[in-house]
Amino acid sequence: MKSEPATRFLLRLPEVFAPHAREALALLEAETPTPLTGGWFITKLANAGALSGNEAVLFIPWRLPLEHSWPCNPEKTEAFIEKAAQSLAKKFAPRNPQAVLVGPLDAGPQNRYYKSLASNLRGRALQLFPKLPAGSADEQNPALPSLFCLVGKEGLFAGISTPREANGFHPGGIKFIKQSGGAMISRAGAKIAEALHWLRLYTDPPPPGAHWLELGASPGGMTGELLQRQYRVTAVDRAPLDVRLRRAEGLTFIPADAADFRPPPALRYDALLCDLNGDARQSLRAVIRLGTSLNTGGLIVFTLKTPGAESPDAILDLCRRIETEARGSGLTLVAKTHLTHNRQEFTLCWRRV
Ligand SMILES: C[S@@+](CC[C@H](N)C(=O)[O-])C[C@H]1O[C@@H](n2cnc3c(N)ncnc32)[C@H](O)[C@@H]1O
């Protein structure tokens with residue numbers, strides 16, 4: 001077992017960017033990245049600030065300073081759990097993390113062995129640490145340090161980070177966020193559920209009863225999810241909503257082009273969600289125009305679709321243009337990421353000032 005200097009990082013690159021891994025890591029100035037399973041890389045970076053200040057971090061939705069590693073095959077290592085838990089407690093308990101969280105490197109559904117190993121290792125480690133303030137990932141304070149550990153066929157990797165710096169509450173940032181129930185109309189419902197969970201790292205979500213304006217709502221996966229969370233929704237789309245949403249309480253559907261929609265002048269929405277497909281700059285223009293109907297401080301959740309932007313450079317260029325235009329129109333960026341439910345797209349969140 002050996003300890004690592006804090007300049008080493010464990011980075012996760014989503015599968016969708018795998019063909020561009022080399023280019024994305026070069027933009028991060030990552031030195032000699034070593035690939036692991038599940039899209040992970042161990043690499044050396046100048047420092048933690050180099051990562052947060054680098055726009056290419058967009059391709060790395062979850063990251064951890066690597067302070068402890070035990071390269072081994074856990075399946076073939078005698079008393080792996082006991083030895084691993086003892087070394088974690090010895091090294092990290094004196095630093096009083098708010099939580100100890102362990103996850104599998106490969107979060108794929110077929111990887112039962114490492115999921116259960118992770119859970120058993122966490123159980124044993126918790127017996128060795130003093131009682132911790134956060135008993136689960138969701139109870140963590142986003143700004144306080146936690147011990148995150150990942151385990152897989154390459155061994156054990158661990159470090160301390162706040163959930164906000166890591167950009168996720170769970171080790172690896174991967175956790176299936178359940179939709180609230182009811183009819184599953186499209187996978188987009190899981191995307192807004194995940195976005196609202198991730199956003200808690202940076203800001204408070206709108207309270208129940210808040211009124212959302214939703215652009216690009218059909219067939220209604222996100223609409224259904226927002227309604228399940230006791231929000232009111234005005235949904236705009238040229239295409240119809242799923243019949244299951246007909247007569248849904250709290251929903252107003254406007255069958256129109258977003259460019260033509262004019263909200264009643266006196267009406268103010270609390271939040272705006274945009275999942276329009278097509279040209280991202282055109283979608284942003286609709287958001288900026290309709291954003292004037294948001295209350296001051298209103299939240300905007302925007303899916304930035306990147307079709308046509310094939311390389312990391314082209315994606316970052318598009319993102320830069322979108323952010324510049326949004327900033328120039330009085331929107332303040334809260335956070336941006338690539339969610340596990342995102343494909344060739346990112347989720348950006350602004351507040352209207
Ligand atoms: C990715 S789908 C939305 C999925 C939806 N958010 C859900 O949760 O099921 C994109 C939608 O944008 C709509 N759309 C694209 N451009 C539009 C425009 N200019 N005005 C209105 N709707 C538009 C399409 O009709 C399509 O339904």
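Here is what the cut-offs are and how they apply
Residues numbered from 1 in each chain as written. Predicted model: local features only at pLDDT ≥ 70, side-chain atom pairs only at ≥ 80, totals over all residues. Heavy atoms only, no water. Core = buried A, V, L, I, M, F, W, Y, C linked by side-chain atoms within 4.5 Å. Buried < 20%, exposed > 50% of the residue type's maximum accessible area, 1.4 Å probe, protein only. Helix = DSSP H or I, 4+ residues; strand = E, 2+ residues; numbered from the N terminus. Domains from an automatic or database assignment. Pairing = 2+ DSSP bridges. Axes fitted to C-alpha atoms, helices over the stretch in contact; angles between N-to-C directions. Salt bridge = Lys/Arg side-chain N within 4 Å of Asp/Glu carboxyl O. Near = heavy atom within 4 Å. Polar contact = N/O pair within 3.5 Å; in protein donor to acceptor, adjacent residues only side chain to side chain. Areas by Shrake-Rupley, 256 points an atom, 1.4 Å probe, with all protein chains shown as cover. Nonpolar A, V, L, I, M, F, W, Y, C, P; charged D, E, K, R; others polar. Contact = heavy atoms within 4.5 Å.

### Some remarks on the nonpolar core
- F59, L215, L272, L304, I322 and W350 are the most contacted members of the largest nonpolar core, which has 46 residues in total.
- Of all the secondary structure elements, the ones that give two or more residues to this core are β2 (8–12), α1 (21–27), β10 (211–215), β13 (269–274), α8 (280–291), β14 (294–305), α9 (312–328) and β16 (345–352).
- When residues of this core are sorted by domain, at least three fall in each of domain 1 (2–173) and domain 2 (188–352).

### Focus on the sheet that holds β14
- One open sheet accounts for seven strands, arranged β12-β11-β10-β13-β14-β16-β15; its pairing is mixed. The sheet terminates laterally at β12 (251–255) and β15 (331–337), the two strands that pair on one side only. Across this sheet, the average inter-strand angle for adjacent strands is 15°, counted without regard to direction.
- Note that β15 and β16 share six bridges and pair antiparallel.

### A closer look at the pattern of salt bridges
- Applying the stated rule across the entire model yields 14 salt bridges.
- A single network of salt bridges, built from pairs that share partners, joins E55, D317, R320 and R321.

### Examining the site of the ligand
- Looking at the ligand, there are 19 residues lining it, with S186, M222, D237, A258 and D275 nearest.
- Measuring from a nitrogen atom of the ligand, one finds a side-chain N or O atom of D257 at 3.1 Å.
- For the ligand, the accessible surface in isolation is 600 Å², of which the surrounding protein chains cover 84%.
- Residue composition of the shell around the ligand, by class: eight nonpolar, six polar and five charged.

### Considerations on the sheet that holds β2
- Across the sheet, which stays open at both edges, the four strands sit in the order β3-β4-β2-β5 with antiparallel pairing between neighbours. The two strands at the open ends of the sheet, each matched to only one other strand, are β3 (31–35) and β5 (62–65). Averaged over all pairs of adjacent strands, the angle between their axes in this sheet comes to 20°, without regard to strand direction.
- Of the strand pairs in this sheet, β2 and strand β4 (residues 40–44) are connected by five bridges, and their pairing is antiparallel. Bridge assignment links L11 to a residue of β4, and that residue is F41.

### Some words on helix α7 (residues 221–228)
- Within α7, seven of the eight residues are buried, which leaves it mostly tucked inside the rest of the structure.
- Those residues of α7 lying buried are G221, M222, T223, G224, E225, L226 and L227.
- As for α7, its buried residues are in contact with α6 (188–199), β10, β11 (232–237), β12 and β13.
- Just downstream of α7, Q230 is the residue with a positive phi angle, here 70°.

### Quick word on unusual backbone geometry
- Of note, the amide linkage connecting S218 to P219 takes the cis form, showing an omega dihedral of 5°.
- Looking at the secondary structure, you find P219 in the loop between β10 and α7.
- Here the phi dihedral of E29 falls at roughly 55°; this positive angle occurs in a residue that is not glycine.
- The exposed category is assigned to E29, whose relative accessible area is 61%.
- Despite not being glycine, Q230 has its phi angle at roughly 70°, a positive value.
- The topology assignment puts Q230 in the loop between α7 and β11.

### Examining the domain arrangement of the protein chain
- As far as domains go, the protein chain holds domain 1 (2–173) and domain 2 (188–352).
- Between the C-alpha centres of domain 1 and domain 2 the distance comes to 31 Å.
- Between domain 1 and domain 2, the residue contacts involve 22 residues of the former and 20 residues of the latter.
- Where domain 1 packs against domain 2, one counts one salt bridge.
- Here R320 ties to E55 by a salt bridge, and the two come within 2.5 Å at their closest N and O atoms.
- Across the domain 1-domain 2 interface, the total number found is nine residue pairs in polar contact (both at pLDDT 80 or more).
- Elements supplying a minimum of two residues to the side of domain 1 that touches domain 2: α1 and α5 (163–166).
- The greatest single-element share of the side of domain 1 that touches domain 2, amounting to three residues, is contributed by α1.

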